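Letter by letter, the chains look like this.
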Amino acid sequence: MSDPPFSENERKLLRCLLRFYGEIGPGATPGLNGLDEEAGLERWELSEAVAVLRAKGLIEYWELQPAVRLTTEGLRAVLRLQEEERG
């Protein structure tokens, strides 16, 4: 059995970003302030998940706000993840 592609914290963040995407649309770019609570993560867990998902190219990160957004590949990944969890 291979390692899961995402840690539980990465999954939580991806699901949270998908909710924003669904509510706001493709331009949904939530700020990191408060995103930890939205995703059900501690602040340090959010930071780690952001770093990993950013390195994988699944989210974009804006330092100015700071904020994050799903990339096209990130959206595909979280939709596949949902299908696997249902399936």
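So, here is what we can say about the structure in this document. This is a predicted model, so every value here is computed, not measured.

1. Thoughts on the overall build of the protein
Logical step 1: The helix and strand tally for the protein stands at four helices and two strands.
Logical step 2: Taking 87 residues into account, the globule formula puts the C-alpha radius of gyration at 12 Å, and the protein, at 12 Å, falls close to it.
Logical step 3: Its C-alpha atoms give the protein principal-axis dimensions of about 40 × 25 × 20 Å.
Logical step 4: Of the contacts made within the protein by residues no fewer than 6 positions apart, 54% connect residues no fewer than 24 positions apart.
Logical step 5: Counting every atom, the protein has about 5500 Å² of accessible surface; 49% of that belongs to carbon and sulfur.
Logical step 6: Within the protein, the 16 negative side-chain charges are centred at a point lying 4 Å from the centre of the 11 positive side-chain charges.

2. Section: helix α1 (residues 8-24)
Logical step 1: Across its 17 residues, α1 extends 24 Å between first and last C-alpha, which sits within 8% of the 24 Å expected from 1.5 Å per residue.
Logical step 2: In this structure, the buried side of α1 is in contact with α2 (35-39), α3 (43-55), β1 (59-62), β2 (67-70) and α4 (72-86).

3. Some details on the pairing of β2
Logical step 1: Taken together, the four bridges between β1 and β2 define a ladder with antiparallel strand orientation. Across the sheet, the residue bridging to Glu60 is Arg69, located in β2.
Logical step 2: Between the end of β1 and the start of β2, which pair antiparallel, lie four residues.

4. Considering the pattern of salt bridges
Note that side chains of opposite charge can pair when their charged atoms are close.
Logical step 1: For the structure on display, the rule yields seven salt bridges.
Logical step 2: For Glu85, the salt bridge goes to Arg11, with nearest N and O atoms at 3.2 Å. You can see Glu85 sitting in helix α4 and its partner Arg11 sitting in helix α1, a full 74 residues away along the chain.
Logical step 3: Its relative accessible area of 41% is what places Glu85 among the partly exposed residues.
Logical step 4: In the salt-bridge network here, residues are joined through shared partners; they are Glu8, Arg11, Arg15 and Glu85.

5. Quick notes on the packing of α1 against α4
How two helices pack is summed up by the angle between their axes together with the distance between the axes.
Logical step 1: In the contact formed by α1 and α4, the axes pass within 10 Å of each other and the chain directions differ by 110°. What the angle tells us is that α1 and α4 run roughly perpendicular. Across from Arg11, Leu14, Arg15, Leu18 and Tyr21 in α1, the residues of α4 making contact are Gly74, Leu75, Val78, Leu79, Leu81, Gln82 and Glu85.
Logical step 2: Among the residues making up the contact of α1 with α4, the classes are represented as seven nonpolar, two polar and three charged.

6. Re the nonpolar core
Logical step 1: Core analysis: the largest hydrophobic core is formed by 24 residues, its most contacted members being Leu13 and Leu35.
Logical step 2: Mapped onto this core, the elements with two or more residues apiece are α1, α2, α3, β2 and α4.
Logical step 3: Those residues in contact with Leu13 that lie beyond four places of it in its chain are Leu35, Ala39, Leu41, Leu46, Ala49, Val50 and Leu53.

7. Things to note about α4
Logical step 1: The end-to-end C-alpha distance of α4, which contains 15 residues, comes to 21 Å, matching closely the 21 Å that a straight helix rising 1.5 Å per residue would cover.
Logical step 2: Those residues of α4 hidden inside the fold are in contact with α1 and β2.

Each value, and the rule that gives it
Starting afresh in each chain, residues are numbered from 1 along the sequence in its written order. Reporting of local features is limited, given that this is a predicted model, to residues whose pLDDT is at least 70; pairs of side-chain atoms are given and counted only at 80 or more, and all residues count toward the totals for whole chains, interfaces and linings. Working from all heavy atoms in the structure, the side-chain values ignore hydrogens and water. The helix and strand labels rest on DSSP assignments: H or I over at least four residues marks a helix, E over at least two residues marks a strand, and numbering proceeds from the N terminus. C-alpha atoms define the radius of gyration, and 2.2 Å times the number of residues to the power 0.38 defines the globule rule. Working rule for contacts: check all heavy atoms of both residues, and any pair within 4.5 Å makes them a contact. Using the Shrake-Rupley algorithm and a 1.4 Å probe, accessible areas are obtained, with residue cover drawn only from the displayed protein chains. Working convention for charge: Lys and Arg count positive, Asp and Glu count negative, and His plus the chain ends are omitted. Charge positions come from single atoms, namely NZ of Lys, CZ of Arg, CG of Asp or CD of Glu. Expected span, for any helix, means 1.5 Å times one less than how many residues it has. By this definition, two strands are paired if DSSP reports at least two bridges between them. Every case where a carboxyl oxygen of Asp or Glu lies within 4 Å of a side-chain nitrogen of Lys or Arg is listed as a salt bridge. Residue burial is assigned from relative accessible area. The probe radius is 1.4 Å, only protein chains are included, and a residue is buried under 20% of its type maximum, exposed over 50%, and partly exposed in between. Helix axes use the C-alpha atoms of the stretch in contact, all axes being lines fitted to C-alpha atoms, and the angles between their N-to-C directions lie in the range 0 to 180 degrees. By definition in this entry, angles of less than 35 degrees are roughly parallel, angles greater than 145 are roughly antiparallel, angles of 65 to 115 are roughly perpendicular, and the rest are oblique. Each residue receives one of three labels: charged for Asp, Glu, Lys and Arg, nonpolar for Ala, Val, Leu, Ile, Met, Phe, Trp, Tyr, Cys and Pro, and polar for the others, Gly being one of them. Joining through side-chain atoms within 4.5 Å is the link that ties buried Ala, Val, Leu, Ile, Met, Phe, Trp, Tyr and Cys residues into a set, and such a set is a nonpolar core.

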